[in-house]
Number of protein chains: 2
Amino acid sequence: MRIVQFERGSAAMTLAEPEAPSHTSAEPTKLGRKRDHTRDPEILQCAVDVLAEEGYDGMTIEMVAARAKAGKATLYRRWASKSELVIDAVACMKKGDTDPRKLPDTGTLRGDLVAMIKPHSIEDGEKKLKVMTGLASLLARSPELADAVNAAIVDPRAKVNRLFFERAIARGEIPADCDVDTLSMVSPSMTAYRTLILKKSVDRPFLISLIDGVILPAVGLRAPAAV
Amino acid sequence: MRIVQFERGSAAMTLAEPEAPSHTSAEPTKLGRKRDHTRDPEILQCAVDVLAEEGYDGMTIEMVAARAKAGKATLYRRWASKSELVIDAVACMKKGDTDPRKLPDTGTLRGDLVAMIKPHSIEDGEKKLKVMTGLASLLARSPELADAVNAAIVDPRAKVNRLFFERAIARGEIPADCDVDTLSMVSPSMTAYRTLILKKSVDRPFLISLIDGVILPAVGLRAPAAV
DNA sequence: CAGTTTCGGAACTGTTGAGTTTCAGAACGT
DNA sequence: ACGTTCTGAAACTCAACAGTTCCGAAACTG
């Protein structure tokens, strides 16, 4: 590879800009076959899949094209470079179980935390972690990419935990002076480490031991005796 | 790159085998200039440096050779491939502040944990983390490399923490039923996450907040009022 | 010393993959 | 219908890099 620049002024919003017709001034109203933008998300999804399996350097444009049954040229018509394709691909992973609406609200901190442990969440989280693994060495060199990764993967997860802690403080369940900043990072950090470094699987028992062995004791709560 | 195999039966012990003269049977006692093995560690150190700065895919043999003021051919005379060089380089990072002898023993868990926060330790840890970042996406594909990384970086750190907890249990400072396995991963995990993903610096205040905000509360201890 | 093997440096080979171009055919506007 | 612009597929260019080979000088053995 060598010095991947990621320099250009962001790709990112291929989706959000639905080809404004713009009859403002003398626009000739383009002729001919139209670009099929409905396939963009499909292609980006393929890029994410390849990225998760191969990492940034292992991923080739041809792999993505082949998986999407598209031509390499088609990809280059839509994204200026591999870097921009990847940035867009990462950005489109955003949607997960972190929509502020659909979060659990069980009335206890433990209940909320445990309610987030769903097979689908785990699977989704592991995939995101795999993508992050393959991007890890680039994060330092590309602020663009780091931002995209942050917005799509890191931030949402941290915000959810933070909300749970703040609600628990509001209802007086845990002390107001506990270190929410650090505590809300415990679970994302330790699942990431377990996946990326230890290469162990993140399963329900592990997540429960995080909650009952670290997080709850740290805020002065105890796990229920019967598990 | 593409399918880096790392298949060969370990490089690893270029250092440990000091070219046994072996006058056992009919050895012709090799002629000519001798290979200068005193430079091996120096070269491996250069490899580690490049690895930390560029990652596996960004690192080229020529970079390492140039930094070590050696010829590319010399490197290939000593290591069969880039992969083997990297495995050896990682293995030679082992030595750190984790020698079982020189560990602190202050009489309290907090004392021991805080005593490990030294500028040199932090620096050393960050470099190892950087190397690991650049290797992250390969770890899944190369058991050889994963083993080397584990032995040189991950294990030593986990063992130190584990020892501190066990001593604290032995002297009755913390309950015997606390989750040592998980707790001893808290600090390595969270420093790794902070470095690799969050790209924030691991400084003393952060490490103190880990100890006083998470680990100590989780085992039922309190930080001293005055910090 | 003569023969052998190392050394660093430079010139080589071969492959891989980013990005481009070409093309026949499909889908659109008029 | 007819020209335009899209499409996937394949053939290209070009640079980087792993790994090899060759060189003249240095260092060792006998």
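Novice: Hey, could you go over the overall build of chain A for me, with residue numbers and the actual values?
Specialist: Each helix and strand counted, chain A has 9 helices and 0 strands in total. In chain A, which comprises 227 residues, the proportion classed as buried is 48%. At a minimum sequence separation of 6, the contacts of chain A that also span at least 24 residues come to 68%.

Novice: Report on the environment of Leu129(B), specifying residues and quantitative values.
Specialist: All names here are of chain B. Tracing the backbone through its elements, the reader meets Leu129 in helix 6 (residues 119–139). For Leu129, a relative accessible area of 11% gives the class buried. Ignoring anything within four residues of it in the chain, the contact list for Leu129 reads Thr191, Ala192, Thr195 and Leu196.

Novice: Break down the relation of the copies chain B and chain A for me, citing the residues and quoting the values.
Specialist: Note on the copies: chain B fits chain A at an RMSD of 0.1 Å, the axial shift is 0.0 Å, and the rotation between them is 180°. Taken together, the rotation angle and the small translation identify this as a two-fold axis. Minimal C-alpha distance to the rotation axis in chain B is attained by Ala218(B), lying at 1.9 Å.

Novice: Break down the nonpolar core for me, with residues and values.
Specialist: In a soluble, globular protein the nonpolar side chains are often hidden away together inside. Counting 139 residues, the largest nonpolar core has Val90(A), Leu135(A), Val90(B) and Leu135(B) as its most contacted members. Considering each element in turn, this core owes the most residues, 12 residues, to helix 7 (residues 143–170) of chain B.

Novice: Any details on the environment of Gly125(B)? Residues and values, ideally.
Specialist: As for its position among the elements, Gly125(B) is in helix 6. The sequence separation of Gly125(B) and Asp97(B) amounts to 28 residues, and the corresponding C-alpha distance is 9.6 Å.

Novice: Requested: an account of the packing of helix 9 (residues 204–218) of chain A against helix 8 (residues 180–196) of chain B, with residues and values cited.
Specialist: Interaxial distance between helix 9 of chain A and helix 8 of chain B falls to 10 Å at its minimum, and their mutual angle equals 85°. By the criterion of interaxial angle, the relationship of helix 9 of chain A to helix 8 of chain B is roughly perpendicular. Here Ser209(A), Leu210(A), Gly213(A) and Val214(A) of helix 9 of chain A come into contact with helix 8 of chain B, specifically with Thr182(B), Leu183(B) and Val186(B). In the contact of helix 9 of chain A with helix 8 of chain B, the residues fall into 4 nonpolar, 3 polar and no charged.

Novice: I'd like to hear about helix 1 (residues 40–58) of chain A, residue by residue, with values.
Specialist: Helical periodicity: at 3.6 residues per turn, an α-helix aligns residues three or four positions apart in one direction. Residue and element names in this part refer to chain A. With 19 residues, helix 1 extends just 22 Å between its outermost C-alpha atoms, more than 12% less than the 27 Å of an ideal straight helix rising 1.5 Å per residue. Maximal helix bending in helix 1 amounts to about 85°, located at Ala52. Most of helix 1 is tucked away, with 15 of its 19 residues classed as buried.

Novice: Would you mind going over the environment of Pro188(A) in detail, with residue names and values included?
Specialist: Within the secondary structure, Pro188(A) sits in helix 8 (residues 180–196). When the C-alpha positions of Pro188(A) and Asn161(A) are compared, they lie 9.1 Å apart, and in sequence the two are 27 residues distant. Residues within four places of Pro188(A) in sequence aside, it is in contact with Arg157(A), Asn161(A) and Tyr193(B).

Novice: Got a sec to walk through the side chain of Lys82(A)? Specific residues and values, please.
Specialist: Looking at where Lys82(A) falls in the secondary structure, it is placed in helix 4 (residues 82–91). For the buried Lys82(A), which has no salt bridge, the nearest side chain bearing the opposite charge is Asp57(A), at an N-O separation of 5.6 Å.

Novice: Report on the interface of chain B and chain A, specifying residues and quantitative values.
Specialist: The interface of chain B with chain A comprises 35 residues on the first partner and 35 residues on the second. Buried area between chain B and chain A, both sides added, is near 3,100 Å², and the carbon and sulfur share of it is 70%. If you sort the residues of chain B by the area they bury against chain A, Met190(B), Tyr193(B) and Ile197(B) come out on top, with a joint share of 18%. Note that Arg141(A) and Glu54(B) form a salt bridge whose closest N and O atoms lie 3.6 Å from each other. The tally of links from chain B across to chain A stands at 2 residue pairs in polar contact (both at pLDDT 80 or more). Where the side of chain B that touches chain A is concerned, the elements lending two or more residues are helix 1 (40–58), helix 6, helix 8 and helix 9 (204–218) of chain B.

Novice: Describe the confidence of the model for chain A, naming the residues involved and giving the relevant values.
Specialist: Residue and element names in this part refer to chain A. Residues at a pLDDT of 70 or more form 86% of chain A, whose mean pLDDT is 88. Ranking the helices and strands of chain A by mean pLDDT puts helix 2 (residues 61–67) first, with 98, and helix 6 (residues 119–139) last, with 93. Below a pLDDT of 50 lies the segment residues 7–26, which in the model reaches 20 contacts outside its immediate sequence neighbourhood of four places, other chains included.

Novice: Report on the packing of aromatic side chains, specifying residues and quantitative values.
Specialist: Under the criterion given, the structure shown has 0 aromatic pairs over all chains. Taking the ring centre of Phe206(B) as reference, the NZ or CZ of Arg194(B) above it sits at 4.3 Å.

Novice: Could you give me a rundown of unusual backbone geometry, with the residues and numbers involved?
Specialist: Backbone geometry at Lys69(A) places phi at a positive 50°, although glycine is not the residue there. Take Lys69(A): it is sitting in the loop between helix 2 and helix 3 (72–78).

Novice: Describe helix 9 of chain B, listing the residues and the values that go with them.
Specialist: Residues and elements named next belong to chain B. Counted at 1.5 Å a residue, the expected span for helix 9 with its 15 residues is 21 Å, and the 20 Å between its end C-alpha atoms agrees. Of all the bends in helix 9, the greatest measures close to 30° and is centred on Ile211. Downstream of helix 9 by one or two residues, Gly220 has phi in the positive range, about 85°.

Novice: Please provide a residue-by-residue account of the pattern of salt bridges, values included.
Specialist: All names here are of chain A. The full count for this structure, using the stated rule, is 28 salt bridges over all chains. As a salt-bridge pair, Lys127 and Asp49 come within 2.5 Å of each other at their nearest N and O atoms. Of the two residues, Lys127 is situated in helix 6 and Asp49 in helix 1; the sequence distance between them amounts to 78 residues. Among the ionic contacts, a cluster of salt bridges with common partners joins Asp105, Asp112, Arg167, Arg171 and Glu173.

Basis of the calculations
- Residues numbered from 1 in each chain as written.
- Chains lettered and ligands numbered in written order.
- Predicted model: local features only at pLDDT ≥ 70, side-chain atom pairs only at ≥ 80, totals over all residues.
- Heavy atoms only, no water.
- Helix = DSSP H or I, 4+ residues; strand = E, 2+ residues; numbered from the N terminus.
- Buried < 20%, exposed > 50% of the residue type's maximum accessible area, 1.4 Å probe, protein only.
- Contact = heavy atoms within 4.5 Å.
- Least-squares fit on C-alpha atoms with pLDDT ≥ 70 in both.
- Core = buried A, V, L, I, M, F, W, Y, C linked by side-chain atoms within 4.5 Å.
- Axes fitted to C-alpha atoms, helices over the stretch in contact; angles between N-to-C directions.
- Parallel < 35°, antiparallel > 145°, perpendicular 65-115°, else oblique.
- Nonpolar A, V, L, I, M, F, W, Y, C, P; charged D, E, K, R; others polar.
- Expected span 1.5 Å × (residues − 1).
- Bend = angle between axes of the 7 residues up to and from the residue.
- Lys, Arg positive; Asp, Glu negative; His and termini not counted.
- Salt bridge = Lys/Arg side-chain N within 4 Å of Asp/Glu carboxyl O.
- Buried area = accessible area lost by both parts, 1.4 Å probe.
- Polar contact = N/O pair within 3.5 Å; in protein donor to acceptor, adjacent residues only side chain to side chain.
- pLDDT = per-residue confidence, 0-100.
- Phe/Tyr/Trp six-rings, centres within 6.5 Å; stacked < 30°, edge-to-face > 60°.
- Lys NZ or Arg CZ within 6 Å of the ring centre and 35° of its normal.

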